[in-house]
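The lines below spell out each chain.
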Amino acid sequence: SSLTIGLIPADGIGREVIPAAKEAILAVQSELPPVKFIDLLAGWDTFTRTGTALPSETVQILKDECDCALFGSVSSPSRKVAGYSSPIVALRKELDLYANIRPVVSVSADTTAPPAVDLIVVRENTECLYVKEETLTQTERGKEARATRLITERASTRIGKIAFELAKARPRKLLHIIHKSNVLSVTDGLFRESVRAVPAASDGQFDQVDIQEQLVDSAVYRLFREPEIFDVMVAPNLYGDIISDAAAALVGSLGVIPSINAGDDFVMGEPVHGSAPDIAGKGIANPIASIRSAALMLRHLGYTSPADKIDEAVNETLAPAQVLTADLGGKSSTSQVTAHVMGLLQKK
Ligand code: NAI
Ligand code: MG
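For clarity, every value in this text was computed on a predicted model and none was experimentally measured.

*Asks:* Teacher, can you tell me more about the overall build of the protein chain here?
*Replies:* Counting its secondary structure elements, the protein chain contains 11 helices and 12 strands. Dimensions of the protein chain, computed from the C-alpha atoms along their principal axes, are close to 60 × 50 × 45 Å. The burial tally for the protein chain puts 44% of its 348 residues in the buried class. Taking as baseline every contact in the protein chain between residues at least 6 positions apart, the subset at least 24 positions apart corresponds to 73%.

So this is what it looks like as structure tokens:
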């Protein structure tokens, strides 16, 4: 067998950090089947050159030839641009990558103490407001904009199941369902009920999981006040997006938070951050989110030992805090941090 990995750096710092993720995989390749990389196009830059942000060839090669993929970040404009739509949102739908799994873990110099923050945000990845059905109408009272928020029992149940599985495998076995069903009792109500119904339909396999709930606004409040109370958090798409960026602030930077977009038969690693136009092209982006995304992807595919090695090399870089990029208060460049992690990895 072999392991074929699609590489989609896309825009901005995606192009600077995805090469670091590739290097990390190459550094552990002796523990993997023969690895092959395929470079693929997507993003704003691709759109401006070809008129499409996600060429059909990219999707076809991912489906036909790749076992998994790594995605960098896209620069999506905040205004409406005719013909453009975000390729990452489209890819998640096209490949049915319905679970966005985002671990947020703090690393301290005292490696014997448990991390202060150690949680996973499990974000539904295919619906909610991200179905992007928006309309704008002109009325006598002025413009009116509307958006559809789709929540289905099927998608809520399958993301719930992933969340229960993750919670079950962790020491604390604690799951918080994040919602706002005090206000949105129909949509968030369906999400909440569907997730809650998972254990009853699962032959007792989730009996040990402690189920808690938290309204999304107070969940963010508690996340900042007492992050240690959270273990696994499951949320509809938009809340999950916001909570995971917020949680990133607790551990220093968005530049260290990895994710995978997982479906039943494909997985795509992706740093949680965007294309960071404020620092793109300067060679100072933190590569750790991407390197960790590579590890998370390998772990999901069952390659536990190489994934552990990559994570250890990252932690051994973060804990002494000597070779860090500027977002973590350091002075090192992307390539210096990458080289440092690879140096540690080579010794494993
Ligand atoms: P962003 O995540 O790109 O940047 C937010 C802040 O974090 C910036 O100050 C940036 O410099 C910093 N940052 C992010 N990643 C970093 C890293 N690896 N190292 C050091 N610093 C880092 O979010 P922003 O500015 O809201 O969005 C910029 C663009 O990215 C937009 O066009 C947005 O649409 C896109 N975006 C794309 C995503 C994706 O591809 N999945 C996700 C989020 C945003
Ligand atoms: Mg986001």
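Next, the rest of the story.
*Asks:* Which parts of the structure should I look at to understand the environment of A321?
*Replies:* Structurally, A321 is set in the loop between helix 10 (304-318) and helix 11 (334-346). For the pair formed by A321 and S108, sequence separation is 213 residues and the distance between their alpha carbons is 9.1 Å.

*Asks:* Before we go on, may I ask you to explain the packing of helix 10 against helix 11 in this structure?
*Replies:* Each pair of packed helices gets described by two things: the angle between the helix axes and the distance between those axes. Put simply, helix 10 and helix 11 touch, their axes get as near as 9 Å, and they point 125° apart. Considering the angle they form, helix 10 stands oblique to helix 11. Every pair of crossing elements has a handedness; the one defined by helix 10 and helix 11 is right-handed. Touching K309, I310, A313, V314, E316 and T317 of helix 10 are V337, H340, V341, L344 and L345, all from helix 11. Taken together, the residues of the contact of helix 10 with helix 11 break down into seven nonpolar, two polar and two charged.

*Asks:* What's the story with the confidence of the model for the protein chain in this structure? I'm lost.
*Replies:* For residues with low pLDDT, the predicted coordinates do not support detailed interpretation. Per-residue pLDDT for the protein chain has a mean of 96; in total, 100% of the residues score no lower than 70. Among the prediction metrics, the complex's ipTM stands at 0.97, with pTM recorded as 0.94.

*Asks:* Could you clarify how one ought to interpret the sheet that holds strand 5 (residues 118-124) in this entry?
*Replies:* Strand-to-strand pairing in sheets goes through backbone hydrogen bonds, with the strands running parallel or antiparallel. Spatially, 10 strands are ordered 2-1-3-12-11-4-5-10-8-9 in an open sheet, and the strand pairing comes out mixed. Bordering the open sheet on either side are strand 2 (35-39) and strand 9 (210-215), each of which pairs with just one other strand. Ignoring strand direction, the axes of neighbouring strands in this sheet form an average angle of 25°. When strand 8 (residues 174-179) meets strand 9, the two strands line up parallel, connected through six bridges. Paired with H179 across the bridge in strand 9 is L215. Along the sheet, helix 6 (residues 187-196) makes contact with strand 8, strand 9 and strand 10 (232-235), crossing strand 8 at roughly 165°. Where helix 7 (residues 216-225) meets the sheet, its contacts fall on strand 8 and strand 9, and the angle it forms with strand 9 comes to roughly 105°.

*Asks:* I'm lost on the domain arrangement of the protein chain in this one. Help?
*Replies:* By a frequent convention, interface size equals the accessible area lost on bringing the separate parts together. Domain annotation for the protein chain reports domain 1 (1-100 + 268-348) and domain 2 (118-250). Computed from C-alpha atoms alone, the centre-to-centre distance between domain 1 and domain 2 is 25 Å. Across the boundary between the two partners, domain 1 contributes eight residues, which contact 14 residues of domain 2. Top element by residues in the side of domain 1 that touches domain 2 is helix 4 (residues 87-94). It accounts for three residues. Of the residues in the side of domain 1 that touches domain 2, the class split is five nonpolar, one polar and two charged.

*Asks:* Help me understand unusual backbone geometry in this model?
*Replies:* Note: most peptide bonds trans; most residues except glycine with negative phi. Phi at D96 takes a positive value of approximately 50°, unusual for a residue other than glycine. Mapped onto the elements of the fold, D96 is located in the loop between helix 4 and strand 4 (99-105). Unlike most non-glycine residues, D203 shows phi in positive territory, near 50°.

*Asks:* Could you clarify how one ought to interpret the nonpolar core in this entry?
*Replies:* Soluble, globular proteins show a tendency: their nonpolar side chains are buried together. Core analysis: the biggest nonpolar cluster contains 96 residues, and V122 and V234 have the highest contact counts within it. For this core, the element with the most residues is helix 9 (residues 288-300), which contributes eight residues. In terms of domain composition, this core takes at least three residues from each of domain 1 (1-100 + 268-348) and domain 2 (118-250). Setting aside anything within four residues of it in sequence, one finds V122 in contact with A99, I101, I159, I162, A163, L166, V232, M233 and V234.

About the cut-offs
- Residues numbered from 1 in each chain as written.
- Chains lettered and ligands numbered in written order.
- Predicted model: local features only at pLDDT ≥ 70, side-chain atom pairs only at ≥ 80, totals over all residues.
- Helix = DSSP H or I, 4+ residues; strand = E, 2+ residues; numbered from the N terminus.
- Buried ≥ 20, exposed ≤ 12 C-beta atoms within 10 Å, placed from the backbone.
- Contact = placed C-beta atoms within 7 Å.
- Axes fitted to C-alpha atoms, helices over the stretch in contact; angles between N-to-C directions.
- Parallel < 35°, antiparallel > 145°, perpendicular 65-115°, else oblique.
- Left-handed = near helix turned anticlockwise from the far one by under 90°.
- Nonpolar A, V, L, I, M, F, W, Y, C, P; charged D, E, K, R; others polar.
- pLDDT = per-residue confidence, 0-100.
- Pairing = 2+ DSSP bridges.
- Domains from an automatic or database assignment.
- Core = buried A, V, L, I, M, F, W, Y, C linked by C-beta atoms within 7 Å.

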